[in-house]
Amino acid sequence: MPPVAHVAHNARVWNYWLGGKDFYDVDQQVGDRVTSMFPSIREVARADRAFLGRAVGFLAGEAGIRQFLDIGTGLPTVENTHQVAQRIAPTSRIVYVDNDPTVLTHARALLAGSLEGETDYIDADAHQPQAILDAATDTLDFAEPVAVILLGILNFIADTDEATAIVETLTAAVPSGSYLALTHPTLELGGTGNIEAMRFWNENATPPITARTGAEVARFFQGLELLEPGIVSCARWRPGYVAEDEKTVAQFGAVARKP
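Here we summarise the structure given alongside this text. (Residues numbered from 1 in each chain as written. Predicted model: local features only at pLDDT ≥ 70, side-chain atom pairs only at ≥ 80, totals over all residues. Heavy atoms only, no water.)

Concerning helix α2 (residues 25-37)
To be explicit about the condition: A run of H or I in DSSP counts as a helix once it spans at least four residues, and a run of E counts as a strand once it spans at least two, with each numbered from the N terminus. One less than the residue count of a helix, multiplied by 1.5 Å, gives the span that helix is expected to have. Each residue gets one of three labels from its accessible area relative to the maximum for its type: buried under 20%, exposed over 50%, partly exposed in between, using a 1.4 Å probe on protein chains only. Along the arc lie the directions from the helix axis toward the C-beta atoms. A contact between two residues is defined here by any heavy atoms of the two lying within 4.5 Å.
For α2, built from 13 residues, the straight-helix expectation of 18 Å at 1.5 Å per residue is met to within 8% by its first-to-last C-alpha distance of 19 Å. Taken together, the buried positions of α2 are occupied by Val-26, Asp-27, Val-30, Gly-31, Val-34 and Thr-35. The arc that holds every buried residue of α2, seen down its axis, measures 165 degrees, which confines them to one face. Facing away from the buried side of α2, by more than 90 degrees, are the exposed residues Asp-25, Gln-29 and Ser-36. Against the buried residues of α2 lie β1 (8-9), α1 (10-17), α3 (41-60), α9 (195-204) and β7 (205-206).

Some words on the packing of α1 against α2
Two quantities define a packed helix pair, namely the angle between the axes and the distance from one axis to the other. As a reminder of what qualifies: Structural elements are reduced to axes, namely lines fitted to C-alpha atoms, with helices fitted over the stretch in contact, and the angle between N-to-C directions of any two is expressed from 0 to 180 degrees. Any angle from 65 to 115 degrees is called roughly perpendicular, while one under 35 is roughly parallel, one over 145 is roughly antiparallel, and all others are oblique. In this scheme the crossing of two helices becomes right-handed for a clockwise turn of the near helix relative to the far one and left-handed for an anticlockwise turn of less than a right angle. Basically, the charged four are Asp, Glu, Lys and Arg, the nonpolar ten are Ala, Val, Leu, Ile, Met, Phe, Trp, Tyr, Cys and Pro, and anything else, Gly included, counts as polar.
Where α1 meets α2, the axes come as close as 9 Å, and the angle between the chain directions of the two elements is 65 degrees. Considering the angle they form, α1 stands roughly perpendicular to α2. Classified by chirality, the crossing of α2 by α1 is right-handed. Residues Arg-12, Val-13, Tyr-16 and Trp-17 of α1 pack against Asp-27, Gln-28, Gly-31, Asp-32, Val-34 and Thr-35 of α2. For the contact of α1 with α2, the per-class residue count stands at four nonpolar, three polar and three charged.

Section: unusual backbone geometry
Here Glu-228 and Pro-229 are connected by a cis peptide whose omega angle stands at 10 degrees. Positionally, Pro-229 belongs in the loop between β8 (225-226) and β9 (232-233). Although it is not a glycine, Leu-189 adopts a positive phi angle of roughly 55 degrees. Structurally, Leu-189 can be placed in the loop between β6 (179-185) and α9.

Some details on the pairing of β6
Cut-off, in case you're wondering: Any two strands between which DSSP finds at least two bridges are classified as paired. When the strands point away from the viewer, a crossover counts as right-handed if the path from the first strand over the helix to the second runs clockwise.
With seven of its seven residues buried, β6 lies for the most part within the structure. By the alternation rule, side chains of β6 split into Tyr-179, Ala-181, Thr-183 and Pro-185 and Leu-180, Leu-182 and His-184, which are all buried. Taken together, the five bridges between strand β5 (residues 147-151) and β6 define a ladder with parallel strand orientation. Within β6, the position partnered with Ile-149 by the bridge is Ala-181. Taking the sense of rotation as the criterion, the β-α-β connection linking β5, helix α8 (residues 160-172) and β6 turns out right-handed. As paired strands, β6 and strand β10 (residues 251-257) are joined by seven bridges and run antiparallel to one another. Each residue of the ladder has a partner; that of Thr-183, found in β10, is Gly-253.

Overview of the pattern of salt bridges
For clarity, the cut-off: By convention in these notes, a salt bridge is any Lys or Arg side-chain nitrogen within 4 Å of a carboxyl oxygen on Asp or Glu.
Following the criterion strictly, the structure yields six salt bridges and no others. Note that Arg-12 is salt-bridged to Asp-27, the shortest N-O span being 2.6 Å. Of this pair, Arg-12 sits in helix α1 while Asp-27 sits in helix α2, placing them 15 residues apart in sequence. For the pair formed by Arg-12 and Asp-27, the shared burial category is buried. For Asp-32, the salt bridge goes to Arg-42, with nearest N and O atoms at 3.9 Å. Of this pair, Asp-32 sits in helix α2 while Arg-42 sits in helix α3, and the two are ten residues apart along the sequence.

Topic: empty space enclosed by the protein
This is how the line gets drawn: Lining residues are defined by having an atom within 4 Å of a point belonging to a cavity or pocket. Those points lie on a 1 Å grid over the protein atoms alone, cavities being sets where a 1.4 Å probe fits but cannot get out and pockets being open sets with protein on both sides within 12 Å along at least five of seven lines. Grid points are joined across faces, edges and corners, and a volume is the space filled by probe spheres set on the points.
A complete count under the given rule lists one cavity of 30 Å³ or more for this structure. By volume, the largest cavity amounts to about 30 Å³. If you trace the largest cavity, you find it lined by Val-167, Glu-168, Thr-171, Arg-219, Phe-220, Gln-222 and Leu-224. Grouping the constituent residues of the lining of the largest cavity by class yields three nonpolar, two polar and two charged.

Overview of the environment of Pro-185
By the element assignment, Pro-185 lies in strand β6. Sequence spacing of Pro-185 and Arg-212 is 27 residues, and the spatial spacing of their C-alpha atoms is 6.6 Å. Here Pro-185 is in contact with Asn-155, Met-198, Ile-209, Thr-210, Ala-211, Arg-212, Ala-250 and Gln-251, once residues within four sequence places are set aside.

See the structure below:
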């Protein structure tokens, strides 16, 4: 068993907010402190997870995508990308990417995909997109459309130019008909109350987080065709009919197609 962590980590705190069990005391302490400063953070986490289900459901269903590159996987909970995609299309192939040791120890749970499809895991850093693409070729065919999923990961790339370049490298590697699904925290959409919470996070947890404006998030979609309703609160991206799902949270979400 790994030694008890002394610094809170995003993957474990996020797992705590989602009601999981893979976290340490320090993660719960930091998570509770952030929640006291920004009470809607649990709603953000749950809305982000719900967005994943809706986006992957659309991509595997209506869009007919059969390949998914999910970067910044985080700890497995319920309704992971492969579960949603392979329930709709059992032959779907999914590659998960993360570089957190805690996530790595749970990789086996992520790899339990359908018999007809394929599910793989890459231990890699989002700062190195070309290395991710090179490793993913063992599972994915980049001559066919791929859905690139970047949920709550670009906020850990502090420099916006670098984050934009990472997205450009990933989207340049996939063919026409591919998609990009993305979420990102913001101080807009009622997120101004998160300023002090983010400062506390950056002083007490890892990795440090950067919020971005809608205009900055729009840069990630340059050259792509945004699907309706565009860049919105992730809770309002094609929500269901449950009122709770439609509550605005300070997290942008969008899906776009590569023409």
